[in-house]
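Residue strings, one per chain:
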Amino acid sequence: MASSCTQLCLQGRHLLRSKAVARTWQYNTQVRHCITRGSSKILNDCSINNGNHTTTQTRQRWKQHMFCYSDLATKHLATEALENKNVEETSTADVVAYKSPLLPIRDAVSVPNMPLDLDAAAEVSALELISEEEAVSITVPSDIPPASISLKDYVDKSETLSKLVQLGVDLWKLEQRPNVGSMLLKLDFNTDVAPRLLFLKDIGVDESRFGHIITQNPFVLTENLENLHSRVNFLKSQKFSSEIVASMVSRAPYILNFTVKRLDNRLGFYQQTLKLSASNTRHILARLPRLLCGSLEPVKENLKVCEMELGFKENEIQHIVITVPKVLTANKRKLTQIFDFVHNTMKVPHDLIAKFPQVLNCRFMRIRERHQFLEYLGKAQYNPDLPNYISLERLVIMPNHIFCTELALAKSADFSLFQKTL
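Keep in mind that this is a model prediction, so the values were computed, not measured.

Conventions adopted
Residues numbered from 1 in each chain as written. Predicted model: local features only at pLDDT ≥ 70, side-chain atom pairs only at ≥ 80, totals over all residues. Heavy atoms only, no water. Helix = DSSP H or I, 4+ residues; strand = E, 2+ residues; numbered from the N terminus. Buried < 20%, exposed > 50% of the residue type's maximum accessible area, 1.4 Å probe, protein only. Areas by Shrake-Rupley, 256 points an atom, 1.4 Å probe, with all protein chains shown as cover. Contact = heavy atoms within 4.5 Å. Phe/Tyr/Trp six-rings, centres within 6.5 Å; stacked < 30°, edge-to-face > 60°. Core = buried A, V, L, I, M, F, W, Y, C linked by side-chain atoms within 4.5 Å. Salt bridge = Lys/Arg side-chain N within 4 Å of Asp/Glu carboxyl O. Polar contact = N/O pair within 3.5 Å; in protein donor to acceptor, adjacent residues only side chain to side chain. Axes fitted to C-alpha atoms, helices over the stretch in contact; angles between N-to-C directions. Parallel < 35°, antiparallel > 145°, perpendicular 65-115°, else oblique. Nonpolar A, V, L, I, M, F, W, Y, C, P; charged D, E, K, R; others polar. Arc of directions from axis to C-beta. pLDDT = per-residue confidence, 0-100.

**Q** I'd love a proper account of the overall build of the protein, names of residues and values included.
**A** Along the backbone of the protein there are 23 helices and 0 strands. Considering the protein as a whole, with its 422 residues, one finds that 34% of them fall into the buried category. As displayed, the protein offers around 26200 Å² of accessible surface, 54% of which is attributable to carbon and sulfur atoms.

**Q** How would you explain helix α14 (residues 278-287) if you had to name every residue and give the values?
**A** Taken residue by residue, α14 has T281, I284, L285 and A286 as its buried positions. Close packing links the buried residues of α14 with α12 (242-251), α13 (260-273), α15 (290-293) and α17 (314-323).

**Q** Report on the packing of aromatic side chains, specifying residues and quantitative values.
**A** Both the distance between ring centres and the angle between the ring planes are used here to describe each pair of aromatic rings. Evaluation of the coordinates by the stated rule reveals 8 aromatic pairs. An angle of 55 degrees between the planes, with centres 6.5 Å apart, marks the rings of F373 and F403 as tilted. You can see F373 sitting in helix α20 (residues 364-377) and its partner F403 sitting in helix α22 (residues 400-408), a full 30 residues away along the chain. Of the two residues, F373 and F403, both sit in the buried class. Aromatic pair F373 and F418: ring centres 5.3 Å apart, planes at 55 degrees, arrangement tilted. Note that F373 is positioned in helix α20 and F418 in helix α23 (residues 412-421), a separation of 45 residues in sequence.

**Q** I'd like a description of the nonpolar core, backed by residues and values.
**A** With 93 residues, the main nonpolar core has L184, L200, F312, M346, L360, I367 and F403 as its most contacted residues. Setting aside residues up to four positions removed in sequence, M346 forms contacts with F341, I367, H371, Y382, L392 and L395.

**Q** Before we move on, could you go through the environment of F403 and cite the residues and values that matter?
**A** By relative accessible area, which is 0% here, F403 ends up buried. Sequence separation between F403 and F415 is 12 residues; the distance between their C-alpha atoms is 9.8 Å. Not counting the four nearest positions on each side in its chain, F403 is found in contact with R370, F373, L374, L395, M398, A408 and F415.

**Q** Any details on the pattern of salt bridges? Residues and values, ideally.
**A** In this structure the tally under the stated criterion is 8 salt bridges. E223 is the salt-bridge partner of R231, the closest N and O atoms lying 3.1 Å from each other.

**Q** Now, about the side chain of S391: what can you tell me, with residues and values included?
**A** Tracing the sequence through the fold places S391 in the loop between α20 and α21 (392-397). Note on S391: relative accessible area 11%, which makes it buried. Side-chain polar atoms of S391 contact the backbone nitrogen of E393, separated by 3.2 Å.

**Q** So, unusual backbone geometry: which residues are in play, and what are the values?
**A** The phi torsion at K239 lies on the positive side, around 70 degrees, for a residue other than glycine. Assignment of secondary structure puts K239 in the loop between α11 (225-237) and α12. Judged by its relative accessible area of 67%, K239 falls in the exposed class. We note that L409 has phi near 50 degrees; this positive angle belongs to a residue other than glycine. Classification of L409 by relative accessible area gives exposed; the value is 61%.

**Q** Residues and numbers for the packing of α14 against α17, please.
**A** Direction vectors running N to C along α14 and α17 enclose 45 degrees, while the axes themselves pass 9 Å from each other. The orientation of α14 with respect to α17, classified from their angle, is oblique. Contacts from N280, H283, I284 and R287 in α14 reach V321, I322 and T323 in α17. When the residues that make up the contact of α14 with α17 are grouped by side-chain class, the tally is 3 nonpolar, 3 polar and 1 charged.

**Q** An account of the side chain of T215 is needed here, citing residue identities and associated values.
**A** Examined against the element boundaries, T215 turns out to sit in helix α10 (residues 210-216). If near-sequence neighbours (up to four positions away) are discounted, T215 is found in contact with G168, V169, D170, K173, L174 and R177.

**Q** Residue-level account of helix α6 (residues 159-167), with values.
**A** Since the α-helix turns once every 3.6 residues, residues separated by three or four places project in the same direction. Considered for burial, the residues of α6 that qualify are T160, L161 and L164. Relative to the axis of α6, the buried residues are bounded by an arc of 95 degrees and lie together on one face. Buried positions along α6 lie against α7 (171-174), α8 (180-186), α9 (189-202) and α10. Two residues or fewer after α6 comes G168, characterised by a positive phi angle close to 100 degrees.

**Q** Can you tell me about the environment of T405, naming the residues and giving the values?
**A** Note on placement: T405 falls in helix α22. In this structure T405 comes out as partly exposed when scored by relative accessible area, which is 49%. Engagement of the side chain of T405 in a polar contact is seen with the backbone oxygen of H401, the distance being 3.0 Å. Separated by 3.3 Å, the side chain of T405 and the backbone oxygen of I402 make a polar contact.

**Q** Describe the confidence of the model for the protein, listing the residues and the values that go with them.
**A** Within the protein, residue pLDDT values average 79, and 68% of them lie at 70 or more. The secondary structure element of the protein with the lowest average pLDDT is helix α3 (residues 105-108), at 40, and the one with the highest is α11, at 97. Throughout residues 13-17 the model reports pLDDT below 50, and contacts reaching past four residues in sequence, or to other chains, amount to 8 contacts. A low-confidence stretch, residues 114-121 (pLDDT under 50), is modelled with 5 contacts involving residues beyond four sequence positions or located in other chains.

**Q** Talk me through the environment of V396; I want residue IDs and the actual numbers.
**A** Its place among the elements puts V396 in helix α21. Between the C-alpha atoms of V396 and H371, which are 25 residues apart in sequence, the distance is 10.0 Å. Ignoring anything within four residues of it in the chain, the contact list for V396 reads Q358, V359, C362, R366, I367 and R370.

See the structure below:
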């Protein structure tokens, strides 16, 4: 009795599975038929008709076929759920005669009625007419790269960068500095760059120097025009002529970034530290304007070196600085190396070095080669009280061919051969 019941259950389960497979195959066939029929009708309608009316009909038919597909899916899901439930009840019962209770599909499974808005999801056709308001609201994406490691990718797209290149600005130098590239891209040429260029031209800077000034100091393009005028007017009030101010700005563009108070403090520092008159202070700064905007630490250190290590007196230091202002910013090691050779090897006293301080601004190899050549010829005589005196100024300033013919009284070829032996 038990075996017969078991066989009856297995047969019922197999029958349900076969019906489910048959229904699934039937559902898939209906869906394919629905989609194929709908697609073919849509394509035929699109190929025959044109215009907005055709597009509206096409959308309506597409909606109908999609609703057909949705209804088939609902029926399939309801039937499948009902049959699965019957299979479970059959397998748990000991002996239950299979009888499929066919209920209305929509009553068996309640599927939520979700509205489908195909118009919202469908993309606008390229042939569909749009209103003027929609046409104006269309935004074209910019062809400027969102990010790059070089400014060359933006030159053709940015008016500011292209004009700066025409002015002679070295963008490859500026892009290596942090945040400068992004700053230049944000500038507008007509409102930011052009007024600063006109300012430079008004104060007397030559147009050929614009590229150099912006390359050295691109931040001048972001300075307030009133501040720029006030700083130039302050320098003129300190009795710097207009030509000298233009020259100072061309050679040391960062002067324009210093406030009036800071410029006044720099002028007072050099005048008080070196104990110079106002005219001598202006003379030093006009010859080396980067003293106004450079660091003061090298200047203070070199002044201590000249006084404590090299042994120059206060008046000698003043004469050296007035004659060669570059001594204030020279390399400390180079300065001590040249002084040691001239004073201890060439036996030149302090007063002569202070009288001809150009020797402190010369290349060390040049001084050594020429001194050793004169010493080889027996003409290394630097005492002005003795005959055949050779001035330190002429020793370091003259080019090689004049040095050989006028001081060494030898041929340039002989000096070249001597240099190869060093």
